[in-house]
Amino acid sequence: MKTRKSTIAASAFLLSACSLLGACKTTGDLDETGGITAIRTACPSVAVPASTGDITVFDPATSRDASAVDVTAVLTKVRSTCTDSGADILTSVTFSVEGRRTSTDGARDVTLPYFVTVVQGGSAVVAKRIGHATLHFEPGQARASIQGTGSATVARSAATLSDDVRKKLTEKRRPGDQEAAVDPLTRPEIRAAVLRSTFEALVGFQLTNDQLKYNATR
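So, a few notes on the structure that sits alongside this text. (Residues numbered from 1 in each chain as written. Predicted model: local features only at pLDDT ≥ 70, side-chain atom pairs only at ≥ 80, totals over all residues. Heavy atoms only, no water.)

## As for the overall build of the chain
Spelled out, the test is: Strands are runs of DSSP state E lasting at least 2 residues, helices are runs of H or I lasting at least 4, and numbering of each runs from the N terminus. Burial status follows relative accessibility: with a 1.4 Å probe on protein chains alone, a residue under 20% of its type maximum counts as buried, one over 50% as exposed, and anything between as partly exposed. In this description, accessible areas are obtained by the Shrake-Rupley approach with a 1.4 Å probe, and a residue is regarded as covered only by the protein chains that are shown.
In terms of helices and strands, the chain carries three helices and nine strands. Tracing the chain from N to C terminus, the helices and strands come up as β-β-β-β-β-β-β-β-α-α-β-α. Taken over 218 residues, the chain has a buried fraction of 37%. Summed over all atoms, the accessible surface of the chain reaches about 11,900 Å², with 51% contributed by carbon and sulfur.

This is the structure in structure tokens:
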């Protein structure tokens, strides 16, 4: 089995903060002012969106019979490393595309599209790049794999919550005070600010509508 390397980069200005207080503590620790610290990392979480982690190619393309399955592939072994220092924060993503073909006659190359996208607040796509992974099958070989990489660049200057938001999140709350029983994240403006600072780096196959439907309903 041959292994090749494919590279794609997705860059975006993302939010970044070590913690709401600007100092790293254990999540949920009480500080001396009566507030609660919560660690916020600048590194986006990395995941494969639902129904995009595998792909099935049919021959003929309009058939969905098991006998028409030509090539299948999965996107797996997703890993990330983050350099959280300096003005920019870099998250590097690696993954494998592992494929299998039905007919092993002759050598064959199969190219599959994939994406690396950065999502803000769980729904807003702020950066997306399309790459292509080419699986090479030798004569008689049913399986092949390829290694891929992606990256997301974070601007620390865009990562800082405003002083007003940080103050409201960490202000001292005394027992009996009206504000003590109110979670600041229930306030729309605070929740919106926190959502704007939440990012994900997502990796998956760039599927057609028919392929997405097949993955979701099979």
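## Things to note about the packing of aromatic side chains
Note the following rule: Ring pairs are drawn from Phe, Tyr and Trp, using the six-membered ring of Trp, whenever the two centres fall within 6.5 Å, and their geometry is named by plane angle: stacked under 30 degrees, edge-to-face over 60, tilted for the rest. Here, a charge over a ring is recorded when the distance from Lys NZ or Arg CZ to the ring centre is within 6 Å and its angle to the ring normal is within 35 degrees.
For the structure on display, the rule yields two aromatic pairs. Centroid distance Phe95 to Tyr114: 5.1 Å. Interplanar angle 75°. Geometry classified as edge-to-face. In this pair, Phe95 sits in strand E5 (residues 88-101) while Tyr114 sits in strand E6 (residues 108-120), placing the two residues 19 residues apart along the sequence. When sorted by exposure, Phe95 lands in the same class as Tyr114, which is buried. Over the ring of Phe115 we find Lys128; its NZ or CZ atom is 5.2 Å from the centre of that ring.

## Let's talk about the pairing of strand E4 (residues 69-84)
The two faces of the sheet receive side chains in turn, since in a regular strand these alternate between them. For clarity, the cut-off: Any two strands with at least two DSSP-identified bridges between them are counted as paired.
Note: strand E3 (residues 54-58) against E4, five bridges, orientation antiparallel. Within E4, the residue paired with Ile55 across the bridge is Ala73. Pairing analysis gives 12 bridges linking E4 to E5, with the strands arranged antiparallel. Within the sheet, the bridge partner assigned to Ser80 lies in E5 and is Val93.

## Thoughts on the pattern of salt bridges
Just so we agree on the cut-off: Take a side-chain nitrogen of Lys or Arg and a carboxyl oxygen of Asp or Glu: if they are within 4 Å of each other, that pair is a salt bridge.
The full count for this structure, using the stated rule, is four salt bridges. Among the salt bridges present, the one from Arg108 reaches Asp70, with a minimum N-O distance of 2.7 Å. A residue pair is termed long-range when its members are at least 10 positions apart, and Arg108 in strand E6 and Asp70 in strand E4 qualify at 38 residues. Given the relative accessible area of 13%, Asp70 is considered buried.

## Things to note about the environment of Leu185
Worth spelling out the cut-off: In what follows, residue pairs with any heavy atoms lying within 4.5 Å of each other are defined as contacts.
Residue position: Leu185 is located in the loop between helix H1 (163-170) and helix H2 (188-196). As for Leu185 and Leu169, which are separated by 16 residues in sequence, their C-alpha atoms are 7.7 Å apart. Excluding anything up to four places from it in sequence, Leu185 contacts Leu169, Ile190, Arg191 and Val194.

## Details of the nonpolar core
Basically, it comes down to this: Working definition of a nonpolar core: buried Ala, Val, Leu, Ile, Met, Phe, Trp, Tyr and Cys residues. They are joined through side-chain atoms within 4.5 Å.
Ranked by size, the top nonpolar core spans 19 residues in total, and within it Ala73, Phe95, Val97, Leu112, Leu135 and Phe205 carry the most contacts. Elements with a contribution of two residues or more to this core: E4, E5, E6, strand E7 (124-137), strand E8 (143-155) and strand E9 (199-205). Not counting residues up to four positions away in its chain, the partners in contact with Phe205 are Thr52, Gly53, Asp54, Ile55, Ala73, Val74, Leu75, Val97, Leu112, Pro113, Tyr114 and Phe115.

## Details of the packing of H1 against H2
Put simply, the test is: Axis lines are fitted through C-alpha atoms, for helices just across the contact stretch, and the angle between N-to-C directions can take any value from 0 to 180 degrees. Note on terminology: angles under 35 degrees are roughly parallel, angles over 145 are roughly antiparallel, angles of 65 to 115 are roughly perpendicular, and the others are oblique. In this scheme the crossing of two helices becomes right-handed for a clockwise turn of the near helix relative to the far one and left-handed for an anticlockwise turn of less than a right angle. Three categories are distinguished: nonpolar for Ala, Val, Leu, Ile, Met, Phe, Trp, Tyr, Cys and Pro, charged for Asp, Glu, Lys and Arg, and polar for the others, with Gly belonging to the last.
It is at 11 Å that the axes of H1 and H2 come closest, and there the two elements cross at 110°. Comparing the axis directions of H1 and H2 gives the class roughly perpendicular. Remark: the crossing between H1 and H2 carries left-handed chirality. Where H1 abuts H2, its residues Val165, Lys168 and Leu169 lie against Glu189, Ile190, Ala193 and Val194. Split by residue class, the contact of H1 with H2 holds five nonpolar, no polar and two charged.

## Notes on the environment of Ala142
Relative to the assigned elements, Ala142 resides in the loop between E7 and E8. If we skip the residues at most four places from it in the chain, Ala142 touches Gly99, Arg100, Arg101, Thr104 and Phe137.

## Comments concerning the side chain of Ser63
Along the chain, Ser63 turns up in the loop between E3 and E4. Not counting residues within four places of it along the chain, the set of residues in contact with Ser63 comprises Phe58 and Ala68.

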